[in-house]
Amino acid sequence: MIFSSKLIEDAVKEFSRLPGIGKKTALRMVLQLLRMDGNEVDEFTGAVSRMRHGVKFCRECHNVSDSEVCGICVNPGRNRSQVCVVETIRDVIAIESTQQYSGLYHVLGGILSPLDGIGPEQLNIHTLHGRVKNNDVTELIMALSPTIEGDTTVYYIARQLNDLPVTITTIARGIAFGGELEYADEMTLARSIAKRQPIENYVTMK
Ligand SMILES: [Zn+2]
C-alpha cells in the first residue's frame, strides 16, 4: 500500500497492529477518523489512553477494574461461597453475559503450559488457597479449556487445595469453553454451568 501522507501511513500501521485488522480495514478506519470532527477524534483517542493507563487488576480476583477491588467482588448481592476459576477476563465477560451466575471469579491469566514456559508462578494461582480459606468458599467451579493443559491446571489446583473443605466442579463439556468461552452462545454456556460436575465424576467420565 502506497500512501501520499506519512501521517496517514503511520495511523494505518498502528490500527493494523490490532487483532483481525488488516491494512485495508485499518485504512477504512483511519479515513473515517479523518472525516470526523477533531474534538470527536480527541475523545476517541482520550478514551483509549485513559483505558490503557487507568485500568487496574482487582486485588481479589484479578479481573479488570477501575478501582483496587472490582465491582463483582464488592457487590453484596453475589454468592461469596462460589468462585468460578477462568483463564481470562474475556471468560468473565462471557459468563456475566449469561446473567445466570451469581458467584465470584478468579482469573488465572492463562493455564499451565510447560512447553510455552507457563508454570504456576506465571499465573494467579498462589492467591487462590488463601482466598478459598479466608472467605469460606465452598465450591470452586473450573471453567477452563478442555485440553491437556486445562486438565493439568484443574488437577494442579485441586492438589494445592486438598487440605481445604472445598468442592471442585468443572463446567459440563460438549461446548467450546476456556479461551473459546466468549464464542459460546449464552444459553449453552448457562446450561454448561448449571450442569457442572464434581471433579471425581469428571475423572470417571474420561
Ligand atoms: Zn474482583
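What you see is a predicted model; the values in this text were computed from it and never measured.

### So, the overall build of the protein
Tallying secondary structure elements over the protein gives nine helices and seven strands in all. Principal axes of the C-alpha set define a box for the protein whose edges measure 65 × 35 × 35 Å. The 206 residues of the protein split such that 25% are buried. Partitioning the contacts of the protein with sequence separation of at least 6, the portion at a separation of at least 24 is 56%.

### Details of the sheet that holds strand S3 (residues 79-86)
Taken in spatial order, the five strands of this open sheet run S4-S3-S5-S6-S7, and their pairing is mixed. The open sheet is flanked by strand S4 (103-107) and strand S7 (197-198), the only strands paired with a single partner.

### Structural notes on the pairing of strand S6 (residues 167-170)
Where strand S5 (residues 139-143) meets S6, four bridges bridge the pair, whose relative direction is parallel. Within S6, the residue paired with Ile 141 across the bridge is Thr 169. Chirality of the crossover, the property in question, places the unit of S5, helix H7 (residues 148-160) and S6 among those that are right-handed. As paired elements, S6 and S7 share two bridges and run antiparallel to each other.

### Details of the packing of helix H1 (residues 6-15) against helix H2 (residues 23-35)
Contact pair H1 / H2: the axes reach a minimum separation of 8 Å and the direction vectors enclose 120°. In terms of orientation, H1 and H2 fall into the oblique class. Crossing of H1 against H2: the hand is right-handed. Across from Ile 8, Ala 11, Val 12 and Phe 15 in H1, the residues of H2 making contact are Lys 23, Ala 26, Leu 27, Met 29 and Val 30.

### Digging into the confidence of the model for the protein
Mean pLDDT over the protein stands at 89; residues scoring 70 or higher make up 91%. Here helix H9 (residues 199-205) is the element of the protein with the lowest mean pLDDT, 53, and S4 is the one with the highest, 97. Long-range and interchain partners of residues 201-206, a stretch whose pLDDT sits below 50, account for two contacts in this model, where long-range means more than four residues apart.

Rules of the game
All chains use their own residue numbering, which begins from 1 and follows the written sequence. Side-chain atom pairs in this predicted model are given and counted only at pLDDT of 80 or more, local residue features only at pLDDT of at least 70, and totals for whole chains, interfaces and linings cover all residues. The numbering of helices and of strands both runs from the N terminus, where a helix is a DSSP run of H or I of at least 4 residues and a strand a run of E of at least 2. Any residue surrounded by 20 or more other C-beta atoms within 10 Å of its C-beta is treated as buried, while 12 or fewer makes it exposed and the intermediate range makes it partly exposed; C-beta atoms here are placed from the backbone. Contact definition: two residues whose C-beta atoms, as placed from backbone geometry, lie within 7 Å. At least two bridges found by DSSP between two strands is the condition for calling them paired. The handedness rule is simple: strands pointing away from the viewer, and a clockwise path from the first strand over the helix to the second, make the crossover right-handed. In this analysis an axis means a line fitted to C-alpha atoms, helices contributing only their contacting stretch, and an angle means the value between N-to-C directions, from 0 to 180 degrees. Angles are sorted into four bins: roughly parallel if under 35 degrees, roughly antiparallel if over 145, roughly perpendicular if 65 to 115, and oblique for all others. Handedness of a helix crossing follows the sense of rotation of the near helix relative to the far helix, less than a right angle counterclockwise being left-handed and clockwise being right-handed. A residue's pLDDT is the confidence the predictor assigns to it, expressed on a 0 to 100 scale.

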